Amino acid sequence: MTVESTAARKPRRSAGGKASTTGTKRTTRTTAKKGSETQLVQLLTPEGKRVKNAADAEYASYVDGITADELRALYRDMVLTRRFDAEATSLQRQGELGLWASLLGQEAAQIGSGRATREDDYVFPTYREHGVAWCRGVDPTNLLGMFRGVNNGGWDPNGNNFHLYTIVIGSQALHATGYAMGVAKDGADSAVIAYFGDGASSQGDVSEAFNFAAVYNAPVVFFCQNNQWAISESNEKQTRVPLYQRAQGFGFPGVRVDGNDVLASLAVTRWALERARRGEGPALIEAFTYRMGAHTTSDDPSRYRHDDERAAWEAKDPILRLRRHLEADGHADEAFFGELEAESEALGRRVREAVRAMPDPDRFAVFENVYADGHALVDEERAQFAAYQASFADSEGV
């Protein structure tokens, strides 16, 4: 299976015209070691086979001692995260949420990197890091209040060292860098990690964050989930070079990892966080993955990409990949998978009940706190909206 960027945009076709999912072509990258090159970091193939490449040995060492229990725990994390995500999507379709940003297909990148963090590390997410939130101990139901419109974030960031979701694209990279600079001044040995997507990599805030982090040797890891599409814009319309190579221009290492490989994501993030804690400065991780669903529930991906593209990436499904490995090595049996399925369904029920128990959002809250002293135009718009809402009540009484 190809894992280079062109594979997602232009799936190779067999003689019969179908997208090919056989073979392996791996993209080279430059590491922190001057003059050396290795392949995209992959420790678990799509078929679930552990691979040990000499070029990836430095990263592989961070998961060499992983146990069967830890592998099952990673699998459980991914399954439950996907179940929660699917339930949230359904709730939005039923009118219970105003919007939802699905992580479908990106579970390995999020769980692997999330489980690499220590309790005293600090995480700055975007609005799609539901798997990372799970790893940081944020209750899934707390993520939904904002998407229902009843709060601006349902958790205390300092309770889990997990910042509130950031809607403004790319700004959290600057927040993370500033926080990391403070961590360094305090003399702490913790690290900071900032998540963003391939689309956000085009924002000026991200470049500014890279520059400040490099100059001040900030203990921050930039984790880019390259899911191939910035809403409807493909990578080829955003960059002429692989995203991880941008780090070179700022003077710190960049690594491209197979984002559908939870072990590789875990290993590379552990490597980056540990070097940050040692005072060796920032690093950029590009997790090469794929958004199998829509950008958000307001998006229609069929307008800009083909079904065969998704089919090619479904063959690399991160959950199926780890399940194959667990089964092949005898680390999990049907009893384990059955119990996890039951737990998954229980989580779905809990999420549904929690959301439906939330209050309806205040329809007029959007007009409050726009201006400190009020504003004639806002007052006019509020009155128009009130009349519009009242028209529904009139029609119901007919």
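In every chain, residue numbers begin from 1 and rise along the written sequence. Predicted model: local features are reported for residues with pLDDT of at least 70 only, side-chain atom pairs are reported and counted for 80 or more only, and whole-chain, interface and lining totals are derived from all residues. To obtain the side-chain values, all non-hydrogen atoms of the structure were included, while hydrogens and water were left out.

Caption draft 1: The nonpolar core, seen in detail. Counting 67 residues, the largest nonpolar core has Tyr 75, Leu 144 and Leu 322 as the members making the most contacts within it. Note on contacts: a residue pair qualifies if any of its non-hydrogen atoms lie within 4.5 Å across the two residues. Once you skip the residues sitting within four places of it in the chain, Tyr 75 turns out to touch Ile 319, Leu 322, Arg 323, Leu 326, Phe 336, Phe 337 and Leu 340. Residues grouped as a nonpolar core are buried Ala, Val, Leu, Ile, Met, Phe, Trp, Tyr and Cys residues, joined through side-chain atoms within 4.5 Å. In this scheme, a residue with accessible area under 20% of its type's maximum is buried, one over 50% is exposed, and one in between is partly exposed, where area comes from a 1.4 Å probe on protein chains only. Grouped together as the second largest cluster of nonpolar side chains are 23 residues, Phe 124, Met 181, Val 220 and Cys 224 included.

Caption draft 2: Structural view of the environment of Val 206. Looking at the element boundaries, Val 206 is found in helix α9 (residues 204-215). On the accessibility criterion, Val 206 (1% relative accessible area) is buried. Expressed as a C-alpha distance, the spacing of Val 206 and Phe 196, which sit ten residues apart in the sequence, is 8.9 Å. When residues no more than four places from it in sequence are discounted, the contact partners of Val 206 are Gly 170, Ala 173, Phe 196, Ala 200 and Ser 201. Strands are runs of DSSP state E lasting at least two residues, helices are runs of H or I lasting at least four, and both sets are numbered from the N terminus onward.

Caption draft 3: Molecular detail of the side chain of Thr 166. Residue position: Thr 166 is located in the loop between α7 (157-160) and α8 (171-186). A distance of 3.5 Å separates a polar atom in the side chain of Thr 166 from the backbone oxygen of Pro 125. Discounting residues that sit within four places of it in the chain, Thr 166 has contacts with Pro 125, Thr 126, Tyr 127, Ser 171 and Gln 172. Whenever two N or O atoms come within 3.5 Å, that pair is a polar contact, provided that in protein one can donate a hydrogen and the other can accept it, and provided that, for residues adjacent in sequence, both atoms are side-chain atoms.

Caption draft 4: Local environment of the sheet that holds strand β8 (residues 254-258). Taken in spatial order, the five strands make up an open sheet running β3-β4-β5-β9-β8, and their pairing is parallel. The open sheet terminates on both sides in strands that have one partner only, identified here as β3 (122-124) and β8. The mean inter-strand angle of the sheet, taken between neighbouring strand axes irrespective of direction, is 20°. A pair of strands is labelled paired if DSSP reports no fewer than 2 bridges between them. Of the strand pairs in this sheet, strand β4 (residues 192-197) and strand β5 (residues 220-226) are connected by six bridges, and their pairing is parallel. Note on β5: the bridge partner recorded for Ile 193 is Val 221. Comment: axis = line fitted to C-alpha atoms, over the contacting stretch for helices; angle = value between 0 and 180 degrees taken between N-to-C directions. Sheet strands touched by helix α11 (residues 262-277): β4, β5, β8 and β9 (283-288). Its angle to β8, the strand with the most contacts, is close to 160°.

Caption draft 5: Structural view of the packing of helix α3 (residues 68-93) against helix α13 (residues 318-328). The interhelical angle for the contact between α3 and α13, taken along N-to-C directions, is 150°, at an axis separation of 10 Å. Classed by the angle they form, the pair α3 and α13 counts as roughly antiparallel. In the crossing of α3 with α13, the sense of the turn from one axis to the other is left-handed. Contacts from Leu 71, Arg 72, Leu 74, Tyr 75, Met 78, Val 79 and Arg 82 of α3 reach α13 at Pro 318, Ile 319, Leu 322, Arg 323, His 325 and Leu 326. Residue classes in the contact of α3 with α13 are distributed as nine nonpolar, one polar and three charged. Roughly parallel refers to an angle under 35 degrees, roughly antiparallel to one over 145, roughly perpendicular to one between 65 and 115, and oblique to any angle outside these ranges. Crossing handedness is read from the near helix: turned anticlockwise from the far helix by less than a right angle, it gives a left-handed crossing, and turned clockwise, a right-handed one. When residue character is reported, Ala, Val, Leu, Ile, Met, Phe, Trp, Tyr, Cys and Pro are called nonpolar, Asp, Glu, Lys and Arg charged, and the others, Gly included, polar.

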